[in-house]
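Given next are the chains, with one letter for each unit.
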Amino acid sequence: MTRDHGTRARYVCGPDVHDQPGRGCRCTQASRQAEDHRTRMKLYGQWQPYVDAGPAREHLRALAAAGIGWRRAAELAGVATGAVSKLLYGGPGDRPPSRGIRPETERKLLAVRAAPESLSAGARTDAGGTRRRVQALVAAGYSQAILAGRLGIQRSNFRLATCDQVTAGTARAVRELYDELWDKPPDESGHRQKISVSRARNYARARDWALPLAWDDDAIDDPAAKPAEGWRRGERTSSTRPRASSDTPLRRRAA
């Protein structure tokens, strides 16, 4: 774990001035400042080096239930895995889990949110938004074979248009590809390309898959969201802007 030079943590735990682990750094300024602060807080009756570890421990358990393991949570928080392990499972010799933690450690752990971007690449997550993005790109004219190639997935294994769960890494890759292609018409420069685009659009139309412009960025991952009303009236070409109802604003706009 990297510790900034001049901090109390590096003074106590290292690495030293030569960046060698295992020995504390001999820069005394941070240590003196920390000691002065501790002395002042004691005089004021406000010295609270530890807070109850319960809220942070329950937060870590909630993160785990959402697919973010404690090691990943420690990485996202910038907290040593050893400290998080002691918080959840205790220490050697049957020591119980920590009853108190530093306020700064608590703040960092509680700041970690169970968002899709926080999941490790291999964690499984709901595929709703991923499925809608793939379907929208197919409706715009991108064949599933082309999308599979762009994502580095074998066409025979490409099931993103109908799957229920995907890995977080795949979800992020699809989101990036969608953000790149949603407003760009597919290649129709040659006869074969035109056939591919036409087939993709017909395939999507037969399954009632909505175009990219039918989805608001803030709603596409919401399981309860629906495509904007009236989007089918503009589905002849990928660049046609669909009409939405007056109370359903679209954030995406055609150029």
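Residues numbered from 1 in each chain as written. Predicted model: local features only at pLDDT ≥ 70, side-chain atom pairs only at ≥ 80, totals over all residues. Heavy atoms only, no water.

Draft legend 1. Unusual backbone geometry, seen in detail. Positioned with a positive phi, D94 is a non-glycine residue whose angle comes to about 60 degrees. On the basis of relative accessible area, D94 is assigned to the exposed category, the value being 78%. In this structure, D208 is a non-glycine residue whose phi angle is positive, near 60 degrees. Tracing the chain through its elements places D208 in the segment after α10 (191-206). (Buried < 20%, exposed > 50% of the residue type's maximum accessible area, 1.4 Å probe, protein only. Helix = DSSP H or I, 4+ residues; strand = E, 2+ residues; numbered from the N terminus.)

Draft legend 2. Up close: the packing of helix α3 (residues 54-65) against helix α6 (residues 103-110). Contact pair α3 / α6: the axes reach a minimum separation of 10 Å and the direction vectors enclose 25 degrees. The angle between α3 and α6 places the two elements in the roughly parallel class. For the pair α3 and α6, the crossing hand works out as left-handed. Listed contacts from α6 to P55, A56, H59 and L60 of α3 are E106, L109 and L110. Considering only residue class, the contact of α3 with α6 consists of five nonpolar, one polar and one charged. (Axes fitted to C-alpha atoms, helices over the stretch in contact; angles between N-to-C directions. Parallel < 35°, antiparallel > 145°, perpendicular 65-115°, else oblique. Left-handed = near helix turned anticlockwise from the far one by under 90°. Contact = heavy atoms within 4.5 Å. Nonpolar A, V, L, I, M, F, W, Y, C, P; charged D, E, K, R; others polar.)

Draft legend 3. Structural view of the side chain of Q135. One can find Q135 in helix α7 (residues 128-140). At 2.7 Å, the side chain of Q135 and the backbone oxygen of A161 are in polar contact. Not counting chain neighbours up to four residues away, the residues in contact with Q135 comprise A161, W209 and A210. (Polar contact = N/O pair within 3.5 Å; in protein donor to acceptor, adjacent residues only side chain to side chain.)

Draft legend 4. Region of the structure containing α10. If you check α10, its first and last C-alpha atoms are 23 Å apart, about what 16 residues at 1.5 Å a residue would give, namely 22 Å. Inspection of α10 places V197, A200, R201 and A204 among the buried residues, and these make up the whole buried set. For α10, the buried positions fall inside an angular range of 95 degrees around the axis, keeping them on one side. Of the residues in α10, the exposed ones pointing more than 90 degrees away from the buried face are H191, R192, R199 and A206. (Expected span 1.5 Å × (residues − 1). Arc of directions from axis to C-beta.)

Draft legend 5. Just the pattern of salt bridges, in detail. Here the structure, examined in full by the defined rule, presents seven salt bridges. Here R107 ties to E104 by a salt bridge, and the two come within 2.4 Å at their closest N and O atoms. Of this pair, R107 and E104 are both found in helix α6, three residues apart, which corresponds to roughly one turn of the helix. (Salt bridge = Lys/Arg side-chain N within 4 Å of Asp/Glu carboxyl O.)

Draft legend 6. Region of interest: the packing of aromatic side chains. Across all of its chains, the model carries two aromatic pairs by this definition. Plain terms: the ring middles of W70 and Y89 are 6.1 Å apart, the flat faces sit at 75 degrees to each other, and that makes the pair edge-to-face. Separated by 19 residues along the polypeptide, W70 in helix α4 (residues 70-77) and Y89 in helix α5 (residues 81-89) bring together distant segments of the chain. Summarising the aromatic geometry, the rings of Y203 and W209 are spaced 5.6 Å apart at their centres and angled 70 degrees between planes, so their arrangement reads as edge-to-face. Residue classification places W209 among the buried positions, given a relative accessible area of 9%. (Phe/Tyr/Trp six-rings, centres within 6.5 Å; stacked < 30°, edge-to-face > 60°.)

Draft legend 7. Main features of the nonpolar core. Core analysis: the biggest nonpolar cluster contains 33 residues, and V134, V138, L147, F158, L160, Y178 and W215 have the highest contact counts within it. Residue assignment for this core shows that the elements contributing at least two residues are α7, α8 (144-151), α9 (168-181) and α10. The element that contributes the greatest number of residues to this core is α7, accounting for six residues. Grouped together as the second largest cluster of nonpolar side chains are 19 residues, L63, A73, L109 and V112 included. (Core = buried A, V, L, I, M, F, W, Y, C linked by side-chain atoms within 4.5 Å.)

Draft legend 8. The arrangement of the environment of T170 in detail. On the secondary structure map, T170 appears in helix α9. For the pair T170 and R124, spaced 46 residues apart in sequence, the C-alpha to C-alpha distance is 9.5 Å.

Draft legend 9. α8, seen in detail. Residues Q144, L147, A148 and L151 constitute the buried set of α8. All buried residues of α8 lie within an arc of 100 degrees about the axis, which places them on one face of the element. Contacts from the buried residues of α8 go to α7, α9 and α10. After α8 finishes, the residue G152 shows a positive phi value of roughly 75 degrees.

Draft legend 10. View of the confidence of the model for the protein. Confidence in the prediction of the protein, expressed as mean pLDDT, is 81, and 74% of residues score 70 or more. Residue range residues 235-251 is modelled with pLDDT below 50. Its contacts to residues more than four positions away, or to other chains, number 35 contacts. (pLDDT = per-residue confidence, 0-100.)

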